[in-house]
Structures are given as C-alpha cells and as structure tokens.
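Here is how the chains run, residue by residue.
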Amino acid sequence: EAVRRLRLACVVWMALWATAIIVNHLVAPWLHLPVGQVVRWSPIADVLALGSMVVSALVYRYAARACDRPETLINVAIGYEVVLALAIGVINQWEPKVLVGRLSWICALILLYPMIVPAPPRKVLIGSLLAASMDPVGLLLTRLRGVDLPALGTLVWAYLPNYICAGLAVIPSHVLSRLSHKVSRAREMGSYRLGG
C-alpha cells in the first residue's frame, strides 16, 4: 500500500512540476500580477523542475523494487521529500522575495508526506525538519551568489511556519503508527475472541 501511494505521489509531483512550468511560461505573463506579490520563475526554476521530474520518475521506478524492504522504502521516501523541498526552497529563494504571512509550498509537502508513506515518528520528524530547512538552504545559496537578503528577523518570522509544520507532521505519523500496531495485533489474534 505504501509503495502504491508513493508511486502515486511521484506521478502527482511530476504533474505539478509540469503544470508549474506551463503556468509560469504561458499563463503568468497574461495575468499582469503585481511584481511585489509574485515569486519570479527564473531559468534555474526550469532546471530544478525538470530535475525534480526526473527524480520523481526514478523514485517511481525504484519504489516497486523496494516493497520487500520497508526500511529502505521509508528512507527513499524521506530522501525524496527532502529533494523536492530543496527544489522548492531554491526556486522560492533564487531572487528572495520574502512574503511574510504566506506559507511556503514546503509546508504542504511536510504535512502531507506522513500520510503518503507512513514512517516512525522519529524518522518523520527528522525528514520534516530537513525539508523545513530547505527554504533557509535556498537563502544560503542565494547569499553565496552575492545577493542581499532581508533582515534576519523577517526571515525567521517568514520561515517559522515550516518548522511548526515539521512538528505537526509527527501527529499523523504517531496516529498511523498506533493504528498499524493495532492492525498487526488483530491479525496475530486471527479469528479468536477474547472472553472476560
């Protein structure tokens, strides 16, 4: 079931990246959106989107082979989450425009991921914290390119929700983990009924 959901997530992400490319090249120019309200789609965004589509295709293909090794599947899924978050973070921060009060797409990725591929809460927390850090990593790469960044307080306030979402992602992971243990126990008991 986890393999099927991960493969479905790969297809959805490939479609989302393709949609982002199409919308940013063909639709956005006609919308005449205010410059201050839009994160500009740079040429590096095309490279990252296409790279993410390739990674999605590779994970899709590999997931079926990893179905007999749940631990490997979980590690691949968490690595995939972090790679997607890195692409989003670099695209978001290539020309930093901190839009305080707006959530990064990384938040949606972090919150949905534990339901796609259930993992132990500790692994979910580690993967979610790594994914949450990809907007700051994008900012670091931008700074290394010599681009000035907004004030530190503004950055902390803008990306604090990423880390809050990372903490919240543990909740569905914990719930799914408990349900999984209950299902396992029920299977072990088979068709026997406990008497009191």
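Residues numbered from 1 in each chain as written. Predicted model: local features only at pLDDT ≥ 70, side-chain atom pairs only at ≥ 80, totals over all residues. Heavy atoms only, no water.

**Student:** Describe the overall build of the chain, and please don't skip the residues or the numbers.
**Tutor:** Assigned secondary structure in the chain consists of eight helices and zero strands. Element order for the chain, N to C, with α for helix and β for strand: α-α-α-α-α-α-α-α. Put simply, 85% of the contacts in the chain that link residues at least 6 apart link residues at least 24 apart. Here the chain displays about 11800 Å² of accessible surface, and carbon together with sulfur accounts for 69% of that area. (Helix = DSSP H or I, 4+ residues; strand = E, 2+ residues; numbered from the N terminus. Contact = heavy atoms within 4.5 Å. Areas by Shrake-Rupley, 256 points an atom, 1.4 Å probe, with all protein chains shown as cover.)

**Student:** Can you explain a nonpolar patch on the surface? Please cite residues and give values.
**Tutor:** Taken together, the side chains of Leu111, Leu125, Leu129, Trp157, Leu160, Tyr163, Ile164, Leu168 and Ile171 present a nonpolar region at the surface, about 800 Å² in accessible area. No other element matches the five residues that helix α7 (residues 152–168) contributes to the nonpolar patch. Within the element layout of this structure, Ile164 appears in helix α7. Classification of Ile164 by relative accessible area gives partly exposed; the value is 46%. (Patch = residues over 30% accessible without salt bridge, like charges linked within 9 Å, V, L, I, M, F, W, Y side chains within 5 Å. Salt bridge = Lys/Arg side-chain N within 4 Å of Asp/Glu carboxyl O. Buried < 20%, exposed > 50% of the residue type's maximum accessible area, 1.4 Å probe, protein only.)

**Student:** Go over the packing of helix α1 (residues 2–31) against helix α4 (residues 105–116) with me, naming the residues and quoting the values.
**Tutor:** When two helices pack together, their arrangement is captured by the angle between the axes and the distance separating the axes. Running from N to C, α1 and α4 cross one another at 145°; their axes reach a closest spacing of 9 Å. Every residue of α4 that contacts α1 at Ala2, Arg5, Leu6, Ala9 and Trp13 is listed here: Leu109, Tyr113, Met115 and Ile116. Tallied by class, residues from the contact of α1 with α4 come to eight nonpolar, no polar and one charged. (Axes fitted to C-alpha atoms, helices over the stretch in contact; angles between N-to-C directions. Nonpolar A, V, L, I, M, F, W, Y, C, P; charged D, E, K, R; others polar.)

**Student:** Describe in detail the pattern of salt bridges, supporting the description with residues and values.
**Tutor:** Counted according to the given criterion, the structure contains two salt bridges. Across the pair Glu71 and Lys123 runs a salt bridge whose closest N-O atoms are separated by 2.3 Å. Separated by 52 residues along the polypeptide, Glu71 in helix α3 (residues 70–93) and Lys123 in helix α5 (residues 121–132) bring together distant segments of the chain. The class of Lys123 is buried, set by a relative accessible area of 15%.

**Student:** Before we move on, could you go through the side chain of Gln93 and cite the residues and values that matter?
**Tutor:** Secondary-structure assignment places Gln93 in helix α3. Overall, the relative accessible area of 1% leaves Gln93 in the buried class. Looking at Gln93, its side chain comes within polar contact range of the side chain of Asp135, at 3.1 Å. Apart from residues lying up to four places away in sequence, Gln93 is in contact with Asp135, Gly138, Leu139, Thr142 and Tyr159. (Polar contact = N/O pair within 3.5 Å; in protein donor to acceptor, adjacent residues only side chain to side chain.)

**Student:** So what's going on with α7? Which residues, and what values?
**Tutor:** Taking 1.5 Å of rise per residue, 17 residues should cover 24 Å, and α7 covers 24 Å from first to last C-alpha, within 8% of that figure. Along its length, α7 shows its largest kink, about 35°, at Tyr159, and proline Pro161 lies within four residues downstream of that point. Of all the residues in α7, the buried ones are Leu155, Ala158, Tyr159, Asn162, Cys165 and Ala166. (Expected span 1.5 Å × (residues − 1). Bend = angle between axes of the 7 residues up to and from the residue.)

**Student:** Would you mind going over the nonpolar core in detail, with residue names and values included?
**Tutor:** One finds Leu6, Trp13, Trp17, Trp41, Tyr80, Ile110 and Tyr113 to be the most contacted residues of the largest nonpolar core, which totals 40 residues. The set of elements that each furnish at least two residues to this core consists of α1, α2 (43–65), α3, α4, α5 and α7. The leading source of residues in this core is α3, at 11 residues. (Core = buried A, V, L, I, M, F, W, Y, C linked by side-chain atoms within 4.5 Å.)

**Student:** Describe the packing of aromatic side chains, naming the residues involved and giving the relevant values.
**Tutor:** Under the defined criterion, the tally for this structure stands at one aromatic pair. With 6.2 Å between their ring centres and 40° between their planes, Trp13 and Trp17 make a pair best called tilted. Of this pair, Trp13 and Trp17 both sit in helix α1, four residues apart, which is roughly one turn of the helix. Neither residue differs from the other here; Trp13 and Trp17 are each classed as buried. (Phe/Tyr/Trp six-rings, centres within 6.5 Å; stacked < 30°, edge-to-face > 60°.)

**Student:** Could you give me a rundown of the packing of α1 against α2, with the residues and numbers involved?
**Tutor:** The contact between α1 and α2 brings their axes to 9 Å, and the two run at 165°. Considering the angle they form, α1 stands roughly antiparallel to α2. Crossing angle aside, the handedness with which α1 passes α2 is left-handed. The residues of α2 that touch α1, namely those facing Val3, Leu6, Arg7, Cys10, Val11, Trp13, Met14, Trp17, Ala18, Ile21 and His25, are Asp46, Ala49, Leu50, Ser52, Met53, Ser56, Ala57, Val59, Tyr60, Ala63 and Ala64. Residues of the contact of α1 with α2, tallied by class, amount to 17 nonpolar, three polar and two charged. (Parallel < 35°, antiparallel > 145°, perpendicular 65-115°, else oblique. Left-handed = near helix turned anticlockwise from the far one by under 90°.)

Interpretation note: all reported values are geometric properties and have no functional meaning in isolation.
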